[in-house]
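Listed below are the residues making up each chain.
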Amino acid sequence: MAPDHPLPAVLDELAERSAAPVNVRVALARLAEEAPDALDRTAEDPAIAASLVAVVAASRSLTRVIEARPHESVGVLADTGHRPPDDDIDDVDRLVAWRDLEFLRIAARDLVGLDPLETVGDALARLGRQVLAHAHRLTEDGEGTLTVIGMGKLAGEELNYSSDIDAMFVGEGSTRVLERRARAIMDVARRCFRMDANLRPEGRNGPLVRSTESYESYWRSWAEPWEFQALLKARPVAGDTDLGDRWLEAAQRALWARPFDADALRSLRAMKARAEAEVARRGVDSREIKRGPGGIRDIEFTVQLLQLVHGHLDPDLRGATTLTVLAEMAREGYIDESDGEHMASAYRLLRTVEHRLQLVDEQQVHTVPNDERQLDHLARVMGLRDAPEGTAAEQLLRDLRATQATVRSIHERVYFRPLLEAFAATSSADTLLGPEATTARLQAFGFIDAVRTQAAMGDLTRGLSRSSRLMLQLLPLLLDWLSTSPDPDLGLLQVRNLLTGPRASRQIAETFRDSPAAARALCTLAGTSRLLGDIVAANPDLVARLDDPERLVTQPVEVLVDRASTSLRLREGDAERQSSLRRWQQRNLLGIGARDISGAADVRQVGRDLTALAEATLRSALVAIEPQVEFAVIGLGRFGGSELAYASDLDLAFVHRGTKAVDIDEARRVAQSLMRMVAGTTPATRLYEIDADLRPEGKNGPLSRSLDSWSTYWRGQALTWERQAMTRARVVAGDADLGTELLETLSAPIWEPGLSQEEVRDIRRMKARIESERIPIGEDPDFHLKLGRGSLSDIEFTAQLLQLQAGVRATGTLDAIASLARHGALDGDDAAVLAESYEFCEQVRNRWFLVNSGPGDSLPTQPESLLWLARAMDTTPGALREHYRRVTRRARAVVERVFYGLPGRR
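What this report covers is the structure whose coordinates are included nearby. (Residues numbered from 1 in each chain as written. Predicted model: local features only at pLDDT ≥ 70, side-chain atom pairs only at ≥ 80, totals over all residues. Heavy atoms only, no water.)

**Points about the side chain of Arg845**
Inspection of the secondary structure assignment puts Arg845 in helix H39 (residues 828-852). Under the relative-accessibility criterion, Arg845 is labelled buried at 7%. Not counting residues up to four positions away in its chain, the partners in contact with Arg845 are Arg638, Ala645, Ala647, Leu785, Lys786, Leu792, Gly856 and Asp857. (Helix = DSSP H or I, 4+ residues; strand = E, 2+ residues; numbered from the N terminus. Buried < 20%, exposed > 50% of the residue type's maximum accessible area, 1.4 Å probe, protein only. Contact = heavy atoms within 4.5 Å.)

Here it is in structure tokens:
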């Protein structure tokens, strides 16, 4: 056929109707020039013509294959029902050529609609296995025994057009020889597919080949939860069959010998959440059909998690193919049957779109294009054409968005919807989850007591009221959200009490209906802290704010004081005023705690917010007391340093102006009234513990001193430890001018003398005495956050000593460390080490207060409590302890060198 000869009508018509008419005509014209007889054969056979046009319209990479080998390609398209023979492959080039032709055959059958998704994935996986088998044969050297283990979609018989082939190797013989052989297999296979061996134990840092025994040892001692998840899709695919069978048997034992526990499941869900966050960060979450919300990974992850939960009890769930296992789960009641059907349908659509994206250039593409031309091409390759209901691209996007929304909705409720049916006994016997499976699923998601969980669910959904019907719909989501909290059982109990108990709130139920994000935030909060849950119960209107951290931001002190004072003016009597002040303080504390738990505020901001709240509380209380004498409150310790923790006392000192008896009496009244209003007379009325013992003469001195009395004491009686205490002094309430005057009066005796050797020894002796004191019963001396070596007390003392030596003024410990480094009084690296330990210990101490709903200065000794704390810190108990050891060990080395003056290396 001459180059300028027009295309045969059948081909021209097919080209016009194709997804890419221009591209097809150009490719067919080149084929007419290079291989006219091949084109003639195509035109004579409608089946070949349809296949050729479909492939050329969809794939640039396969078009190049056809142009490079036109006669063989047309021969393959003429008989797509039979695979090209591979019995004459004796070198790598022949292997690559055969792979291209078989790849073409698979794509052609797919594109003309002969094979469904499952058949296409299986055919691609079979191609991958055969490539590895040929690679194994072509590199055979007669030394040792080696088997290739396929992972992921290869083992699941659901390979993509552009999937990596994930592989591991098991062998018997010389490690050096086996490693060389495995690398040779990888090199050959890479001519046909991307190869990835990083799923092996220890990743790229681990040996490429291990014995079965080495794998077993690793699985017993070191494997992470995601590595067991990966074993769901691990099968021998090439090499020695007996060795592969032994390896698979060992892998199955390791995977199914014990239940998959709640923390392992939690870590997998956290890993998936991080992957989704990364997709969102890149701004492609709405177009990412694999890792985005409602994408392929949602479906695969759901299936795999339920396999891990139930597979140790039900061998029928141990398959490697997603759609096969999904169908089994729906059939046996592990998921709702309609949910299973919707997920299977969605999986086929999303994977087909993924296939079409990857066929273009055989690249790993999972994102629907933004470009209009590319999007139109994708839609047309999917078989869509412009229609009254929209362009092909519009139809595709509409279908994808609806599918992703459906998948996401199912993904969020699928784990718990069957449990409602099991508890309510509404399903037929052949689809109802049995008691053993129900308990296994609850425990895997952190609900330890199945009976109590069933009772709580019953309370939430009982009756025919609007709220009970709403909860019946929301409960699967609710349980899913609670399952990611540190203590799901506590969370469920608190949510049940909020919605059904004596303090049940219609307002909260309405918020659940109107704002799922607020409901989710409440679940996290309720499963973290009983204390904060109690505050929510008393202030249900605050639930609606939980989904927006900005609505919970602590206001400036002046705004807080104005709001609190307005409320106090409407109350009569000390009891009413104190009750009002406590309720106001608790409402603001909820905001601080919620922002802390959500990660919206770091440990420094939490300290500043808690300080602002305490300062506003004191100032408001003082206004209500109406002092009749000039009176100021000095904050010391953490309060003065603006670094309060949830468990902190308020260290206070008082000063007044005037030396007459009436002034002294009034100042005493004001100080006592302030302490009584803030500290309360019982734990139930206490807003803060107050410690006024850092005042001159401690408990033996007057509660408030005049300015002159303060000055007289500091001229002749003040001790070294009092200078230390005053490094954190700050006016926090009352007459600001008076307070500032006091601090200016004391500035010289506090800061100007520096420290003599004797004073340095005094501070060191005091610190050594604190270290030798017996740590309270029930607190772990090896993991003490306040008194442990290298923890908070060590760092505070070190900062204060250096401040007094160098005259560096800063009220907070962290600010002091930074200032000391800027002034050259502390090495920059040492400052970073001290700050890291301080922030870590402070954050853990704060989080433990919320989890424990009360103070605690060490990592908990009870395993269950330590587990809840670790979960609240988004880590594991072992990792939390190791982190403590690491940062405090380094900080202690700095303390011993800088504070104690002991020799040591920087």
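**Notes on the packing of helix H29 (residues 573-598) against helix H30 (residues 603-625)**
At their nearest, the axes of H29 and H30 sit 10 Å apart, and the two run at 170° to each other. With respect to H30, the axis of H29 lies roughly antiparallel. When H29 is examined against H30, the residues Arg577, Leu581, Trp584, Gln585, Asn588, Leu589, Ile592 and Asp596 are found in contact with a partner set consisting of Val606, Asp609, Leu610, Leu613, Ala616, Thr617, Ser620, Ala621 and Ala624. Residues belonging to the contact of H29 with H30 are distributed by class as follows: 10 nonpolar, four polar and three charged. (Axes fitted to C-alpha atoms, helices over the stretch in contact; angles between N-to-C directions. Parallel < 35°, antiparallel > 145°, perpendicular 65-115°, else oblique. Nonpolar A, V, L, I, M, F, W, Y, C, P; charged D, E, K, R; others polar.)

**Description of the nonpolar core**
Nonpolar side chains tend toward joint burial in soluble globular proteins. Residues Trp219, Trp247 and Phe654 are the most contacted members of the largest nonpolar core, which totals 150 residues. In terms of residue count, H30 provides more of this core than any other element does, 11 residues in total. Ignoring any residue separated from it by four or fewer positions in sequence, one finds Trp219 in contact with Phe228, Leu231, Trp247, Ala250, Ala251 and Ala254. If you look at the next biggest cluster of nonpolar residues, it comprises 70 residues, including Ile48, Val55, Ala58 and Ala167. (Core = buried A, V, L, I, M, F, W, Y, C linked by side-chain atoms within 4.5 Å.)

**Brief notes about helix H6 (residues 70-78)**
All of the buried residues along H6 are Pro70, Ser73, Val74, Val76 and Leu77. Axial view of H6: buried residues confined to an arc of 155°, hence all on one face. On its buried face, H6 sits against helix H2 (21-34), helix H3 (36-44), helix H4 (46-58), helix H5 (60-68) and helix H7 (92-111). (Arc of directions from axis to C-beta.)

**Points about the pairing of strand S2 (residues 164-172)**
Burial analysis of S2 places seven of its nine residues in the buried class, which makes it a mostly covered element. Note: S2 against strand S3 (residues 194-196), three bridges, orientation parallel. Considered in S3, the bridge of Asp164 is made with Arg194. Pairing of S2 with strand S4 (residues 209-210), which is carried by two bridges, proceeds in the parallel orientation. Note that in S4 the partner of Val170 across the bridge is Arg210. (Pairing = 2+ DSSP bridges.)

**A short note on the packing of helix H27 (residues 530-538) against H29**
Closest axis-to-axis distance for the H27/H29 pair is 10 Å, and the angle between their directions is 130°. Between H27 and H29, the angle is such that the two are oblique. By crossing handedness, the relation of H27 to H29 is classed as left-handed. Counting all contacts with H27, which are made through Leu532, Ile535, Val536 and Ala538, the residues of H29 involved are Arg583, Gln586, Leu589, Leu590, Gly593, Ala594 and Ile597. Its residues assigned to classes, the contact of H27 with H29 shows eight nonpolar, two polar and one charged. (Left-handed = near helix turned anticlockwise from the far one by under 90°.)

**Considerations on the packing of aromatic side chains**
Applying the stated criterion across every chain, the model contains 12 aromatic pairs. When the ring of Phe416 is compared with that of Phe447, the centres are 6.0 Å apart and the planes differ by 85°; the resulting orientation is edge-to-face. Taken together, the residues Phe416 in the loop between helix H19 (392-413) and helix H20 (417-424) and Phe447 in the loop between helix H21 (435-444) and helix H22 (450-461) connect sequence positions 31 residues apart. An identical accessibility class is assigned to Phe416 and Phe447; each is buried. Centre to centre, the rings of Phe631 and Phe654 are 5.6 Å apart; their planes meet at 25°, and the pair counts as stacked. Of the two residues, Phe631 sits in strand S6 (residues 631-636) while Phe654 sits in strand S7 (residues 650-656), which places them 23 residues apart along the sequence. Grouping aromatic residues by their ring pairs yields a cluster made of Tyr415, Phe416, Phe445 and Phe447. The ring of Phe103 has Arg99 lying over it, and the distance from NZ or CZ to the ring centre is 4.2 Å. Just above the ring of Phe193 sits the side chain of Arg99; from NZ or CZ to the centre is 5.2 Å. (Phe/Tyr/Trp six-rings, centres within 6.5 Å; stacked < 30°, edge-to-face > 60°. Lys NZ or Arg CZ within 6 Å of the ring centre and 35° of its normal.)

So yeah, pure geometry; function would need other evidence.
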